[in-house]
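Examination of the molecular architecture
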Amino acid sequence: MFAGAITDRAASVICVHNHPSGSLEASPQDIAITRQLQEAGTLLGIQLLDHIIVTRSGFSSLKEKGLI
């Protein structure tokens with residue numbers, strides 16, 4: 001996740017993934033990986049701005065839901 005950000009000397013990243021099921025709800029695994037990415041980013045000095053779930057019907061921001 002952070003290899004490109006490190007190479008490009010990014011100050012921050014946004015993680016995006018899809019849910020083919022169509023559910024916009026963050027799973028427990030989504031929440032866990034978001035927290036791990038946030039911790040890793042902190043160690044690297046690269047802020048995780050948001051984690052977005054995308055479906056055919058729309059998107060959901062974990063930041064807007066208070067999960068970041």
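Here the structure is a predicted model, which means the values were calculated and not measured.

**Observations concerning the sheet that holds strand β2 (residues 47-55)**
Here we have three strands laid out as an open sheet, ordered β1-β2-β3, and mixed in their pairing. A single partner strand is all that each edge strand has here, and the edge strands are β1 (12-18) and β3 (58-61). Across the sheet, the axes of successive neighbouring strands diverge by a mean angle of 25 degrees, strand direction being ignored.

**Overview of helix α2 (residues 28-44)**
Relative to the 24 Å expected for 17 residues at 1.5 Å per residue, α2 spans 24 Å between its end C-alpha atoms, a close match to the ideal helical length. Every buried residue belonging to α2 is among D30, I31, T34, L37 and G41, and all of these are buried. For α2, the angular spread of buried residues about the axis comes to 125 degrees, placing them on one side. Turned more than 90 degrees away from the buried face of α2, the exposed residues are P28, Q29, E39 and L43.

**Section: the nonpolar core**
In terms of nonpolar packing, the biggest core is built from seven residues, these being F2, A5, V13, C15, L37, I46 and L48. Not counting the four nearest positions on each side in its chain, L37 is found in contact with M1, F2, C15 and L48.

**Observations concerning the environment of D50**
The topology assignment puts D50 in strand β2. Looking at D50, the relative accessible area reads 10%, which means it is buried. The spacing of D50 and L62 is twelve residues in sequence and 6.4 Å in space, taken between C-alpha atoms. Every residue in contact with D50, bar those within four places of it in the chain, is listed here: V13, I14, C15, S61, L62, K63 and I68. Engagement of the side chain of D50 in a polar contact is seen with the backbone nitrogen of L62, the distance being 3.5 Å.

**Thoughts on the pattern of salt bridges**
Evaluated as defined, the whole model comprises one salt bridge. Salt-bridge contacts for E25 lead to K65; the nearest nitrogen and oxygen are separated by 3.5 Å. On the criterion of sequence distance, the pair formed by E25 in the loop between β1 and α2 and K65 in the segment after β3 is long-range, its members being 40 residues apart. Residue classification places E25 among the exposed positions, given a relative accessible area of 53%.

Conventions adopted
Per chain, residue numbering runs from 1 following the sequence as it is written. Owing to the predicted nature of the model, reporting of local features is limited to residues with pLDDT of at least 70; listing and counting of side-chain atom pairs is limited to 80 or more, with chain, interface and lining totals taken over all residues. The basis for every side-chain value is the complete set of non-hydrogen atoms in the structure, without hydrogens or water. At least two bridges found by DSSP between two strands is the condition for calling them paired. Think of it this way: any DSSP run of H or I at least four residues long counts as a helix, any run of E at least two long counts as a strand, and we number them from the N terminus. Axes here refer to lines fitted to C-alpha atoms; in helices the fit is confined to the stretch in contact. Angles between the N-to-C directions go from 0 to 180 degrees. By definition here, a helix of n residues has an expected span of 1.5 Å times n minus one. Residue exposure (1.4 Å probe, protein chains only): buried if accessible area is under 20% of the type maximum, exposed if over 50%, otherwise partly exposed. Think of it as the arc spanned by the lines of direction from the helix axis to the C-beta atoms. In plain words, nonpolar cores are sets of buried Ala, Val, Leu, Ile, Met, Phe, Trp, Tyr and Cys residues tied together by side-chain atoms within 4.5 Å. It only takes one pair of heavy atoms within 4.5 Å for two residues to be counted as in contact. As used in this structure description, the phrase polar contact means that two N or O atoms lie within 3.5 Å; if the pair is within protein, one of them must be able to donate a hydrogen and the other to accept it, and residues adjacent in sequence are counted only when both atoms belong to side chains. Any carboxyl oxygen of Asp or Glu within 4 Å of a side-chain nitrogen of Lys or Arg constitutes a salt bridge here.

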